[in-house]
Amino acid sequence: METFAINSTEQYLLMAAGILLAVQIIYYLVLYSRIGRRNRKEQRNELHFTQGLPPLSVIICAHDEVENLRRNLPAILAQDYPDFEVIVINDGEKNESEDYLLQLEEQYRNLYHSFVPDSSRYISRKKLAVTLGIRASRHDWLVLTEANCQPQSNQWLRLMARNFTPHTGVVLGYSGYERGKSWLHRCTAFDSLFTAMRYLGFALGGHPYMGIGRNLAYRKQLFYDQKGFSAHLNLRRGDDDLFVNQVANGDNTRVETAPEAAVRMQPVYRSKDWREEKIGYASTARQYKGLQRWLAGFETLSRLLFYAAWIAMTVWGILHFHWLVAGIGVLLFLVRFIVQALVINSTAKSLNERYRYRLTLPLFDILQPLQSLCWKLFYLFRDKREFLRK
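Since the model is a prediction, treat every value here as computed from it, not as a measurement.

Asks: Requested: an account of the sheet that holds strand 6 (residues 170-173), with residues and values cited.
Replies: Reading across the sheet, the seven strands line up as 3-2-1-4-8-6-9 and stay open at both edges, with mixed pairing between neighbours. Strand pairing shows two members of the sheet lacking a second neighbour, strand 3 (111-115) and strand 9 (253-256), which therefore form its edges. The average angle at which neighbouring strand axes cross in this sheet is 20°, direction not considered. Pairing between strand 6 and strand 9: four bridges, direction parallel. Residue pairing for strand 9: G173 is matched across the bridge by E256. Each of strand 2 (84-91) and strand 3 is contacted by helix 4 (residues 95-107), which is oriented at about 160° to strand 3, the strand it contacts most.

Asks: Could you give an account of a nonpolar patch on the surface, with specific residues and numbers?
Replies: On the surface, V330, L334, I338 and L342 cluster together into a nonpolar patch covering about 350 Å² of accessible area. In this fold, L342 is placed in helix 12 (residues 323-350). Note on L342: relative accessible area 58%, which makes it exposed.

Asks: Kindly report on helix 7 (residues 183-204), identifying the contributing residues and their values.
Replies: Counted at 1.5 Å a residue, the expected span for helix 7 with its 22 residues is 32 Å, and the 31 Å between its end C-alpha atoms agrees. Most of helix 7 is tucked away, with 18 of its 22 residues classed as buried. Two or three places before L184, at the start of helix 7, stands the capping residue S182, its side-chain oxygen 3.4 Å from that residue's backbone nitrogen. At the exit of helix 7 stands G206, carrying a positive phi of roughly 90°.

Asks: Residues and numbers for the sheet that holds strand 7 (residues 175-177), please.
Replies: Read across the open sheet, the three strands follow the order 5-10-7; overall the sheet is mixed. One side of each edge strand has no neighbouring strand; the edge strands of this open sheet are strand 5 (149-151) and strand 7. For this sheet the average axis-to-axis angle between neighbouring strands, irrespective of direction, equals 35°.

Asks: So what's going on with the environment of Y177? Residues and values would help.
Replies: Residue position: Y177 is located in strand 7. Sequence spacing of Y177 and L69 is 108 residues, and the spatial spacing of their C-alpha atoms is 17 Å. For Y177, the residues in contact, after removing those within four places along its chain, are T188, A189, S192, R264, M265, Q266, P267, V268, W274, E277 and E353.

Asks: I'd like to hear about the packing of aromatic side chains, residue by residue, with values.
Replies: Taken as a whole, this structure holds 22 aromatic pairs when the rule is applied. With centroids separated by 6.4 Å and ring planes inclined at 80°, the aromatic side chains of Y81 and F84 adopt a geometry described as edge-to-face. You can call Y81 buried: its relative accessible area is 7%. Seen in terms of ring centroids, F202 and Y209 are 5.6 Å apart; in terms of plane orientation they differ by 90°. Their pairing is edge-to-face. Each member of the pair, F202 as well as Y209, carries the same accessibility label: buried. Aromatic rings pair up to connect Y27, Y28, Y32, W183, F190, F194, F298, Y357 and F364 into one cluster. Against the face of Y281 rests R237, its NZ or CZ located 4.1 Å from the ring centre. Taking NZ or CZ as reference, R275 lies 5.6 Å from the ring centre of F378, over its face.

Asks: Give a description of the side chain of N252 that names residues and reports values.
Replies: Relative to the helices and strands, N252 is located in the loop between helix 9 (241-247) and strand 9. Side-chain polar atoms of N252 contact the backbone oxygen of V247, separated by 3.0 Å. Those residues within four positions of N252 in sequence are excluded, and the remaining contacts are H167, T168, G169, V170 and V247.

Asks: Residues and numbers for the nonpolar core, please.
Replies: Core analysis: the largest hydrophobic core is formed by 109 residues, its most contacted members being L56, V58, L73, V86, V88, Y218 and Y357. Per element, the largest residue contribution to this core is twelve residues, and it comes from helix 7. Those residues in contact with L73 that sit more than four places away from it in its chain are I60, N68, V86, V88, Y100, L101, L104 and L111.

Asks: Let's hear about the layout of surface pockets: which residues, and what values?
Replies: Considered as a void within the structure, the largest pocket measures approximately 1400 Å³ in volume. H63, K126, E146, R237 and E277 are the residues nearest the centre of the largest pocket, which is lined by 38 residues in total. Among the secondary structure elements, those contributing two or more residues to the lining of the largest pocket are strand 1 (56-63), strand 2, helix 5 (125-136) and helix 10 (271-285). Its residues assigned to classes, the lining of the largest pocket comprises 13 nonpolar, seven polar and 18 charged. Estimates place the volume of the second largest pocket at around 1000 Å³. Around the second largest pocket, the lining is made up of 39 residues, and of these R198, K278, A285, S372 and K376 lie nearest the centre. When contributions to the lining of the second largest pocket are tallied by element, the ones reaching two or more residues are strand 7, helix 7, helix 10, helix 11 (292-319) and helix 13 (361-380).

Criteria and cut-off values
Residues numbered from 1 in each chain as written. Predicted model: local features only at pLDDT ≥ 70, side-chain atom pairs only at ≥ 80, totals over all residues. Heavy atoms only, no water. Pairing = 2+ DSSP bridges. Helix = DSSP H or I, 4+ residues; strand = E, 2+ residues; numbered from the N terminus. Axes fitted to C-alpha atoms, helices over the stretch in contact; angles between N-to-C directions. Contact = heavy atoms within 4.5 Å. Patch = residues over 30% accessible without salt bridge, like charges linked within 9 Å, V, L, I, M, F, W, Y side chains within 5 Å. Areas by Shrake-Rupley, 256 points an atom, 1.4 Å probe, with all protein chains shown as cover. Salt bridge = Lys/Arg side-chain N within 4 Å of Asp/Glu carboxyl O. Buried < 20%, exposed > 50% of the residue type's maximum accessible area, 1.4 Å probe, protein only. Expected span 1.5 Å × (residues − 1). Polar contact = N/O pair within 3.5 Å; in protein donor to acceptor, adjacent residues only side chain to side chain. Phe/Tyr/Trp six-rings, centres within 6.5 Å; stacked < 30°, edge-to-face > 60°. Lys NZ or Arg CZ within 6 Å of the ring centre and 35° of its normal. Core = buried A, V, L, I, M, F, W, Y, C linked by side-chain atoms within 4.5 Å. 1 Å grid on protein atoms, 1.4 Å probe; cavity = no way out; pocket = protein on both sides within 12 Å on 5 of 7 lines; lining within 4 Å. Points joined across faces, edges and corners; volume = space filled by probe spheres on them. Nonpolar A, V, L, I, M, F, W, Y, C, P; charged D, E, K, R; others polar.

Encoded structure:
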């Protein structure tokens with residue numbers, strides 16, 4: 001009978017692990033599964049889209065990226081869409097990019113380009129580039145992406161535009177990485193997928209709080225009504241996530257998660273580049289309005305505490321030869337692992353992600369919040385002037 005007896009310490013560990021497991025399962029089944037459920041509804045024709053295809057303007061900001069433009073711009077210009085223009089705002093070295101864009105403009109009459117003046121000092125160059133592109137655009141609907149991104153198919157614009165209802169002001173799309181072979185590629189791919197499951201999941205639930213400018217659409221009038229980026233003009237970043245946080249709500253925001261509407265970024269080859277990107281987002285995330293940021297942080301905290309609780313239970317049971325307690329600890333881990341693997345892999349499959357997460361999933365699951373903590377610490381100890389406009 002002693003085998004089945006559980007003392008007070010073991011009861012507390014069991015209670016803590018059970019509560020944390022319940023919290024985690026709620027997050028996965030209610031929040032993180034929304035992309036997969038949304039795509040399944042689309043397959044069953046349970047979603048409603050507009051039939052109109054209004055003219056739109058695609059805005060691309062490029063910073064010394066002629067090779068990216070050569071690689072990705074033709075796929076954007078070849079979109080199967082009746083009326084659209086592409087505006088490239090070039091920032092940095094102009095000679096080679098200028099020659100290439102002039103060459104393409106002879107072939108595509110809907111391609112235009114401009115540049116960021118070298119003397120600009122009163123706004124971040126990225127925000128100025130976006131603003132110049134918006135001012136140069138002829139249409140009300142704006143679709144933003146970046147020079148290192150390529151649409152997954154020639155239906156990208158059509159799929160984004162099917163969300164342009166009369167009440168819609170913002171459309172959030174999915175962006176992921178092209179497949180790479182290194183460990184860094186797998187880390188960035190998991191982080192990108194998990195981040196999308198989080199912010200697109202909140203948006204699908206009627207509570208948008210951020211967007212990413214690699215695959216984002218909004219109305220020009222909305223930009224003007226908010227006076228552009230004036231609310232965070234002093235920051236280098238924020239042209240996508242802070243702007244969406246400022247203007248998006250449950251009534252004016254839709255989400256497009258069809259795999260053919262995704263855009264793919266080239267894999268990151270230097271950890272330094274990824275680190276700087278994530279530190280940049282950490283600098284703006286502190287200013288998000290709404291509870292979503294705190295709810296996301298609570299999920300991360302409950303995840304780490306769950307790992308601590310089930311490990312403590314298992315180790316305690318082994319050290320005290322109490323195999324029932326150790327077995328319960330392992331069982332709780334397996335329950336969460338199965339739910340997590342089903343949700344993440346079904347979401348990845350619905351988005352045509354090439355990676356599947358099985359035995360390595362627990363490792364990525366722990367690394368992701370630890371890396372996020374590192375980015376925040378890097379930001380705290382950096383000179384804050386680095387994140388102000390230049």
